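# Analysis of the macromolecular model
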Amino acid sequence: MKAALLTSVLRRSTAASTSVRAFTSEAAPERKVAILGAAGGIGQPLSLLMKLNPLVSRLALYDIAGTPGVAADVSHINTRSEVKGYAAEEQLGEALEGSDIVIIPAGVPRKPGMTRDDLFKINAGIVKSLCEAIAKYCPNALVNMISNPVNSTVPIAAEVFKSKGVYDERKLFGVTTLDVVRAKTFYAGKAKVNVADVNVPVIGGHAGITILPLLSQATPKANLSDEDIKALTKRTQDGGTEVVEAKAGKGSATLSMAYAGAVFADACLKGLNGAPDVVECSFVQSTVTELPFFASKVRLGKNGVEEVLGLGPLSDYEQQGLEALKAELKSSIEKGVAFVRSS
Ligand SMILES: NC(=O)c1ccc[n+]([C@@H]2O[C@H](COP(=O)([O-])OP(=O)(O)OC[C@H]3O[C@@H](n4cnc5c(N)ncnc54)[C@H](O)[C@@H]3O)[C@@H](O)[C@H]2O)c1
Ligand SMILES: O=C(O)C[C@H](O)C(=O)O
């Protein structure tokens with residue numbers, strides 16, 4: 001959901017004359033979206049934003065605690081989708097059945113001083129068991145993985161799906177949209193352009209130096225110095241830590257992540273519905289580099305990933321950044337694979 005669409009949905013949904021009919025008249029196909037971890041810091045605002053999306057007809061909100069309240073709350077909003085909350089593990093199957101997209105923000109967030117990899121111990125197991133349920137109840141759904149460390153949780157999901165014989169590489173996405181959201185905001189500020197007009201691809205992975213914004217490809221073009229480019233790159237790589245430190249022990253990015261997750265899920269829905277030229281960056285199975293998973297621009301379609309797009313021309317600085325990120329990304333991917341294979 002791009003900013004303009006979100007604004008227009010919000011405007012229409014708060015207008016006195018708005019009725020559910022206004023949304024159903026858009027004749028979008030039936031689409032079920034499930035959110036796993038729906039009662040959390042990301043899950044709650046993401047549930048709100050997905051409830052506002054007119055492309056969603058059924059919204060399943062699952063968490064291990066707190067979902068009835070979130071579902072009751074969100075369900076009163078005057079939009080098309082029917083909302084149901086699922087609170088206990090025995091309800092997970094029903095939450096997942098018939099889903100077109102499953103969004104996963106379940107798991108623990110960072111505290112100051114932690115890396116995303118420090119979350120592996122707890123989140124790897126959570127993601128593995130949720131993916132086992134997805135393999136059983138909705139093996140054809142697109143999976144939008146938000147839980148960290150994304151560089152490892154996506155390979156974990158792939159291994160689970162492979163072990164269950166349901167892996168389709170076109171349907172598994174690590175959500176790296178927040179890196180793009182940040183790169184766009186920081187670039188717009190420095191270049192003094194309207195953020196709504198800005199595009200910045202971000203490649204690699206989703207942790208520290210594995211996050212590589214391609215500012216040489218940013219549009220609209222601006223004359224930035226090498227120092228500016230370095231500072232923007234570093235700020236994008238450290239954007240998550242900036243929020244973790246500002247929240248001082250109360251978690252990591254939730255609101256901007258919910259926005260980013262809603263943007264990415266909206267793009268997936270549009271792709272499923274056959275909209276042309278839907279392109280977003282995402283961490284997917286890839287042959288763009290020698291690494292088996294890599295974030296780059298991907299074209300989305302009726303089956304998920306339609307095409308993994310190349311990196312385009314890189315500056316010398318970006319080329320160095322690309323070489324520098326490979327070792328860490330490779331080891332995070334291997335850690336995820338080993339976790340499933342050894343369990
Ligand atoms: N990909 C990204 O760009 C990005 C951005 C921000 C945060 N994150 C990650 O998203 C995750 C969630 O962050 P948050 O701030 O929402 O955390 P949170 O603690 O506020 O919420 C997590 C929710 O997950 C639920 N949960 C735990 N185990 C579960 C299970 N087995 N099944 C279903 N739900 C379960 C919890 O009950 C909780 O409601 C973290 O791992 C965080 O690092 C990723
Ligand atoms: O930084 C974090 O731990 C959360 C997330 O990955 C982010 O980029 O905000």
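Residues numbered from 1 in each chain as written. Chains lettered and ligands numbered in written order. Predicted model: local features only at pLDDT ≥ 70, side-chain atom pairs only at ≥ 80, totals over all residues. Heavy atoms only, no water.

The protein chain carries the name Malate dehydrogenase in an unreviewed UniProt entry, which gives Sesamum alatum as its organism. UniProt lists a comment for the protein chain under the heading Sequence similarities (unreviewed entry), and it reads "Belongs to the LDH/MDH superfamily. MDH type 1 family." As its UniProt record puts it under Catalytic activity (unreviewed entry), the protein chain is described as follows: "(S)-malate + NAD(+) = oxaloacetate + NADH + H(+)". (UniProt positions renumbered as here; feature names shortened; annotations may be inferred.)

On to the site of ligand 1. Around ligand 1 sit 28 residues, and of these Gly41, Ile42, Asp63, Val108 and Asn148 come closest. The separation between an oxygen atom of ligand 1 and a polar main-chain atom of Gly40 is 3.3 Å. Starting from 860 Å² of accessible surface for ligand 1 in isolation, the protein chains cover 85%. The dominant element in the shell around ligand 1, judged by the number of residues it contributes, is helix H6 (residues 120-137), at three residues. (Near = heavy atom within 4 Å. Polar contact = N/O pair within 3.5 Å; in protein donor to acceptor, adjacent residues only side chain to side chain. Areas by Shrake-Rupley, 256 points an atom, 1.4 Å probe, with all protein chains shown as cover. Helix = DSSP H or I, 4+ residues; strand = E, 2+ residues; numbered from the N terminus.)

The residues that UniProt annotates with the feature "domain: Lactate/malate dehydrogenase N-terminal" (unreviewed entry) are residues 32-174. End C-alpha atoms of residues 32-174 are separated by 20 Å, and the span's content is 38% helix alongside 18% strand.

On to the environment of His206, then. Within the element layout of this structure, His206 appears in the loop between strand S7 (202-204) and strand S8 (211-213). The class for His206 is buried, based on a relative accessible area of 8%. Ignoring anything within four residues of it in the chain, the contact list for His206 reads Arg116, Asn148, Val150, Asn151, Thr176, Asp179 and Ile211. Reaching out from His206, the side chain makes a polar contact with the side chain of Asp179 at a distance of 2.8 Å. (Buried < 20%, exposed > 50% of the residue type's maximum accessible area, 1.4 Å probe, protein only. Contact = heavy atoms within 4.5 Å.)

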